Structure formats: structure tokens, C-alpha cells
Amino acid sequence: MRFFQQFAQQLKQVWQGTSVVGRMSFVVLSAICLAAISGVGYWASQPDYRVLFSAMSPEDAGAVTTKLQAKGIPFQLSAGGTTISVPAALAQQVRVDLAVAGLPAGGAKGYELLDESPLGVTPFLQHVNLGRAMQSELAKTIMQIEPVEFARVHIVRPEPMPFVRDQKPTTASVVLKLKPGTTLNRGVAAGIVSLVASSVEGLTPDTVTILDTTGRVLAGPRNDKTGAAASSQLEHRRETEAYLASKAEEMLSHLLGPGRAIVRVTADINFKRLREKRENIDPESRVMTRERTTQKKSTANSSARGAAGAASNTNRPATDSGSTGTGTQEEESENSYEFSKTVQDLEQPGGEIERLTIAAMVDLTPSGEGAVKDAEGPITLKDVEDIVKRAVGFKPQRDEIKVSSEIVRQQDGFLAYGVEHLRPLNLKTVADAIGMHESTVSRVTSNKYVATPRGVFELKFFFTSSIASSSGGEAHSAESVRHKIRQLIDAEGAEADVHSDDAIVDILKEAGVDIARRTVAKYREAM
């Protein structure tokens, strides 16, 4: 007791010896401490919430929250109302209770709609509810596939017509929302099409359309002539070209090193389906199957009865002029033969490669420290051509291949000495040297990088415009001139001497570069 009295006396002395500002600071700090202690105590008294369900549809979220409110269980909503959390101590029991109640239903109600049909419902409503239930059940099944986050199915059943020729087919559309970072390949899309077509009476795979929430068609009606959807044809062609190019590049990278080989493949693919029926008859292998022989015999008799007149009409005997008799015999033979016959029904599916055009650009210069510029590389252009041919399955009468190291040859000065020796180069120069079209060279070099002893560069870096020489010699590359200007500007701070545009022009002209002052100003401003 005395301790508390002494403590209170000391606090009173401290309080009386403190200034007004100190007393106010003490009160504020005390209030803050009390508030912090109260907040921590309140937070500690709150139950620990655990996620019960996440990524729910609005229908399921509404049904679950209604059930929790009826039972008086506290809950929290987050993620835009799609995630429900409950106290951790109740989470497992609540999940079991909701499962018994059939919640969450996983979207719209399925065949539960038929259980809820009232007595006396009309056949039309029964038909509509059956269609809704089938759509919901198919959507739930599709959502079980790994890449699919949400699915919706629409089935259209035309009214029956009195004539078969006027009857329209049943169609279906499926909209998919994929999980972030996932894609749906053609195999999975074909599986979904088969699932929907097999689940609905009168539905065929050709009348099922699948698209994602971005509007991209994943599977659609097929072309009658080719038997494939247009989007699938383009995707198949791209996959074929990328697969063959990657095979060739991978093999060359093992020999030359990464980034020193670029391969592009253009595939002409025939998507038309061919149906053919052949009948081969061998005239040498005949077999008698029937023989028929017919014989005919005939006999003819003639007699003279006398002259016409009274003597023939009376009882007087007439003179017999005589009689003759003749006979014929005919025989007919009819034989039937069967020939050996072979009947073949051939059906060739679409997707056959008709032609491959391969373009390869390689760097065959030796790499590494101590490499000699003019020394032979590990392989030759002929070796590269043979490797690419074997990698893509080259057929001499069908395909075309062009292998070139022209860019490396043109810019060998840059590879050996640096940017100052970069030469002006355009697509036409390379195309004429290798015997290909400019568009092919542009497509091969687009968005591709090459690893060199001086670093990794985009292939477009080696194509630069030319600046004339002041001495009438070889033109200079715009990139090399820009590099020289940058060196002059970087040296200004160290030398405390700022060069004007005219001064830079004079310096470059002395180095053999014929450049205008406005061009120097443009390059300088871009730096």
C-alpha cells in the first residue's frame, strides 16, 4: 500500500514540475497508447476467418449467403462478392452442411429444374426446362476440364417440319472463360465438341461452335471441301512451320552455338479431302461361271395335188406329181465368264504438305577468343543444308531450301573491329546475293536476334542506310557515322570543348564522310 502511495506522490511531483506543453504531450501519448491497446484487444477478440468458397458465380454466392444468414453464421464477402469466408472454427462443418443442401450448385440449376416443376405444368414449359437443364449440366461438365474456369452452353432445337428437306439441324454454341495464363489447344477443343455433340440428340460436331470470352473461335463449322475450320487450318499451318523450324534451329545451335542460326519454314498445306474409288479388272484371269448349249432341228415336206379344174373336183383319180422332204439342225452355245476384279475405296484426309520453302541464315565465322577471321568454321554451308534437309524431311522434287551467311559476310568488318566498320546494307543487296525475294529476307530477319562476339544484336541492326564519302570512295553506314558523332559528343565533357554542328561536319569530312549539318543536328538531337 505504501508503495502505491509513494508512486502516486512521485507522479504528482513529476506532473507539477512539468510544463504545460509537456503535460499535453503526456495526455496525447497516453490516449494513443490506450487506443492502440484497445484496438489490439478488439482485433484479438475477432474470430479468424477462413475462405469457404472462391470464384463463385453470383447465383451460387447468393444461395450460399442466404443459407448462412438463415443459420445465423457470420460471413465475409470479398473479391467482388465471389469469395465467401466464415470463422475458421466453423468452416468444415458449414462446408459439409452446404454440400448436403446441394450448394454451391456450380452455376445455374441443372436437372434440379425438373424436380421443382409444379403439378400441371404444360408440355411447352417441360420442353423449355429440359433444354435449360441440359445446357446447365453440359456447362458443369465442361468446367471440370483443367483450363476452363467458366462455361456457358446454348443449344438451339428448330421446330419440327412436315418435310424432311425443310428440317433445319440442331446447333450448339459454347462460350469458355479460360483460367489466367492458360490456353486451349486444338485437341481439348475437339474433345469439348465431341462431348457436346454426343450429349444432344440430333447434334453433330459440324454444328458445334466454341469461342472464348475474347471472341476468338476455338472450333467452328467445317468447310465441306476441306473438312476443317478456317481458324484450325491457319493454326495447324503455323504449328507445322514453327515445329519444323525449331527442329532445324535446335540442331544447328548445338553445332554453332545459340543465336547463330535462324531458320524459317513456309508450308503449303492441302486441306482438301480426297475420296476415290478404284476398280481394277484383270482380263487374263477369267473363270467360266455358266455354260448353255441350245440345239434346234427342223423338217420341211411338200406335195403336188394336180392341176386346177374339173378333174380335181370330181372323183376321177388325179395324177400324183411326186413328193420331196428336207431337214435342218442348229446348235447354239452361250458361255459366261467372270474376271478377277479388285475394288478399292480410298479416302485421303486433309493436311498433307504439298511444298516446303526453307530459308536459313547462319553465322559460320569462328567464335571465341583467339579465333581467326578467315579460318573455316566447324561446318560448311553444304553441311548446314544437309542438316536442315534431314530435320524438316526435305523432298527434292517438292521442297526448296536456301541457306545463306550473306549478312555475316557483308558485315565481317563489324564483327572483327566494331561499329566503326559497319557497312551500309539493304534487303535488296542480300536478296540479290542469295537469289531470293526481298520479302523473304525481310520475313526471315524480322524480330530475330543473333549472338556475335560483340554481343546480341537484332538482325535489322545490320541493315542501315548509306552516307556518301567525301573522297568518292566507299559509302559509310549511317549507324557507324552516328557512332562517330556520339564519340565526339561524349568527349566534349572531358576536353571542356563543346563542338558545334559545323565543327562536327568539318571533323567528319576530314574522316571522309560527306554529311550535311542538318543531318548532324538530327542525329545529335536523337542522342
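Rules behind the numbers
- Residues numbered from 1 in each chain as written.
- Predicted model: local features only at pLDDT ≥ 70, side-chain atom pairs only at ≥ 80, totals over all residues.
- Heavy atoms only, no water.
- pLDDT = per-residue confidence, 0-100.
- Helix = DSSP H or I, 4+ residues; strand = E, 2+ residues; numbered from the N terminus.
- Contact = heavy atoms within 4.5 Å.
- Pairing = 2+ DSSP bridges.
- Axes fitted to C-alpha atoms, helices over the stretch in contact; angles between N-to-C directions.
- Salt bridge = Lys/Arg side-chain N within 4 Å of Asp/Glu carboxyl O.

Topic: the confidence of the model for the protein
One rule of thumb: low pLDDT means the predicted coordinates there are not for detailed reading.
Next, step 1: Mean pLDDT over the protein stands at 77; residues scoring 70 or higher make up 82%.
Next, step 2: At the low end of the mean pLDDT range in the protein sits helix 9 (residues 310-313), at 53; at the high end sits strand 5 (residues 171-178), at 91.
Next, step 3: The low-confidence segment residues 318-323 (pLDDT under 50) makes seven contacts with residues lying over four places distant or belonging to another chain.
Next, step 4: Scored below 50 in pLDDT, residues 370-375 shows six contacts in the model against residues more than four places distant or in partner chains.

Focus: the sheet that holds strand 1 (residues 49-53)
Next, step 1: Pairing in this open sheet of three strands is antiparallel, and the strands run 1-3-2 from one edge to the other. Each edge of the sheet is formed by a strand with only one pairing partner; in this case those strands are strand 1 and strand 2 (76-78). With direction set aside, neighbouring strand axes in the sheet form an average angle of 35°.
Next, step 2: Of the pairings in the sheet, the one linking strand 1 to strand 3 (residues 83-87) comprises four bridges and is antiparallel in character. Residue pairing for strand 3: Arg50 is matched across the bridge by Val86.
Next, step 3: Against the sheet, helix 3 (residues 58-71) makes contact with strand 1, strand 2 and strand 3, and its axis sits at roughly 20° relative to strand 3, the strand it touches most.
Next, step 4: On the sheet, helix 4 (residues 91-100) packs against strand 1 and strand 3 and is oriented at approximately 20° with respect to strand 1.

As for the pattern of salt bridges
Next, step 1: Following the criterion strictly, the structure yields nine salt bridges and no others.
Next, step 2: For the salt bridge of Asp97 with Lys71, the shortest nitrogen-to-oxygen distance reads 3.6 Å. Of this pair, Asp97 sits in helix 4 while Lys71 sits in helix 3, and the two are 26 residues apart along the sequence.
Next, step 3: Note that Asp432 is salt-bridged to Lys428, the shortest N-O span being 2.8 Å. Residue Asp432 and its partner Lys428 are located together in helix 13 (residues 427-434), separated by four residues, close to a single helical turn.

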